[in-house]
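Residue strings, one per chain:
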Amino acid sequence: MTAISLAVPYLDTAAEQLAFSLTPERRPAHAVARVDLGGGLSAELRLLGASHQVFAGPVTETVACPTGGEPEGDVESLPRATRRRIAGWGYDFASRVERCDAAGFRRRVAALRALGAEGRADTLYAVFPGSPDAITALLARPAGGVPDPRPGWDTWHVYPQHRQIVTTRTRLEAP
């Protein structure tokens, strides 16, 4: 998919605002991409004004700025790592917040722009208004990949005002 320029402001403005949820509540999306992860598993990558949501098999992952509509106790701070069993599936999630110096930030954002420019069918990539560096990108990882053969997805959330990049990595394992 080619890069999408959104005409809506992004709702989360710093890595510390991101929260994590596995509740299957569908949120309004600005862009959606459906991708094949192999083995009969597909994923729906969803770009939110408040970051991202992915539906894959029995899993619904939301990493976003809370909107206040989530059930009490369902939303938690963005974990560095978590493993869960969801309807028999193994779910493995990790996140990292990078705080970059100016040169490092430019290098990392240039690499993400290149990902968006490739026009890949397994990628959902958007730039929010206000800064060409305000990027959210999702990349599907089909089963059988290297170095991890499990299907899943990677995401990047860029906060140029703080030179922060949040990277998440999710992998699934069939029952």
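Just so you know, these numbers come straight off a predicted model, no measurement behind them.

J.: Got a minute to help me understand the overall build of the protein chain in this structure?
T.: Along its length, the protein chain carries 1 helix and 13 strands. The linear arrangement of helices and strands in the protein chain, starting from the amino end, is β-β-β-β-β-β-β-β-β-α-β-β-β-β. For the protein chain, the proportion of its 175 residues judged to be buried stands at 52%. Residue pairs at least 24 apart in sequence account for 57% of intrachain contacts in the protein chain once pairs closer than 6 positions are excluded.

J.: Looking at this structure, I do not really get the packing of aromatic side chains. What am I missing?
T.: Ring pairs (aromatic) are described by centroid distance and by the angle formed between their planes. Within the structure shown, the criterion is met by 3 aromatic pairs. Ring centres of Phe20 and Tyr91 lie 6.5 Å apart, and the angle between their planes is 35°; on these two criteria the pair is classed as tilted. Separated by 71 residues along the polypeptide, Phe20 in strand β2 (residues 19–21) and Tyr91 in strand β9 (residues 89–99) bring together distant segments of the chain. The residues Phe20 and Tyr91 share a single accessibility class, namely buried. Summarising the aromatic geometry, the rings of Phe20 and Phe93 are spaced 4.8 Å apart at their centres and angled 45° between planes, so their arrangement reads as tilted. Note that Phe20 is positioned in strand β2 and Phe93 in strand β9, a separation of 73 residues in sequence. Relative accessible area serves as the criterion here: at 1%, Phe20 is assigned to the buried category. On the accessibility criterion, Phe93 (0% relative accessible area) is buried. When the ring centre of Phe55 is taken as origin, the NZ or CZ atom of Arg26, which lies over that ring, is 4.1 Å away.

J.: Would you mind going over the sheet that holds β2 with me for this structure?
T.: Hydrogen bonds between backbone atoms are what pair the strands of a sheet, whose relative direction is either parallel or antiparallel. With antiparallel pairing, the 6 strands of this open sheet are ordered in space as β3-β4-β5-β6-β2-β7. On the outer flanks of this sheet lie β3 (31–38) and β7 (76–77), each paired with one strand and no other. Both β3 and strand β4 (residues 41–48) contribute to a ladder of 7 bridges, which runs antiparallel. Pairing of Gly38 across the sheet is with Leu41, part of β4.

J.: Which parts of the structure should I look at to understand the pattern of salt bridges?
T.: Opposite charge on two side chains lets them pair, provided their charged atoms get close. Throughout the structure, instances matching the rule amount to 17 salt bridges. Between Arg150 and Asp92 there is a salt bridge, and its shortest N-O distance comes to 3.3 Å. In this pair, Arg150 sits in the loop between β11 (135–141) and β12 (152–159) while Asp92 sits in strand β9, placing the two residues 58 residues apart along the sequence. We note a salt bridge from Arg113 to Asp133, for which the minimum N-O separation is 2.1 Å. In this pair, Arg113 sits in helix α1 (residues 102–117) while Asp133 sits in the loop between β10 (123–127) and β11, placing the two residues 20 residues apart along the sequence. Linked by salt bridges that have partners in common, Arg83, Asp92, Arg141, Asp148, Arg150, Asp154, Arg169 and Arg171 make up one network.

J.: Quick question: what am I supposed to make of the side chain of Gln164 here?
T.: Position of Gln164 relative to the elements: it lies in strand β13 (residues 164–173). Within the local environment of Gln164, its side chain forms a polar contact with the backbone nitrogen of Ala15, the two atoms lying 3.0 Å apart. Looking at Gln164, its side chain comes within polar contact range of the side chain of Glu16, at 3.0 Å. Apart from residues lying up to four places away in sequence, Gln164 is in contact with Ala14, Ala15, Glu16, Val97, Glu98, Arg99, Phe105, His157, Val158 and Tyr159.

Cut-off values and rules
Residues numbered from 1 in each chain as written. Predicted model: local features only at pLDDT ≥ 70, side-chain atom pairs only at ≥ 80, totals over all residues. Heavy atoms only, no water. Helix = DSSP H or I, 4+ residues; strand = E, 2+ residues; numbered from the N terminus. Buried < 20%, exposed > 50% of the residue type's maximum accessible area, 1.4 Å probe, protein only. Contact = heavy atoms within 4.5 Å. Phe/Tyr/Trp six-rings, centres within 6.5 Å; stacked < 30°, edge-to-face > 60°. Lys NZ or Arg CZ within 6 Å of the ring centre and 35° of its normal. Pairing = 2+ DSSP bridges. Salt bridge = Lys/Arg side-chain N within 4 Å of Asp/Glu carboxyl O. Polar contact = N/O pair within 3.5 Å; in protein donor to acceptor, adjacent residues only side chain to side chain.

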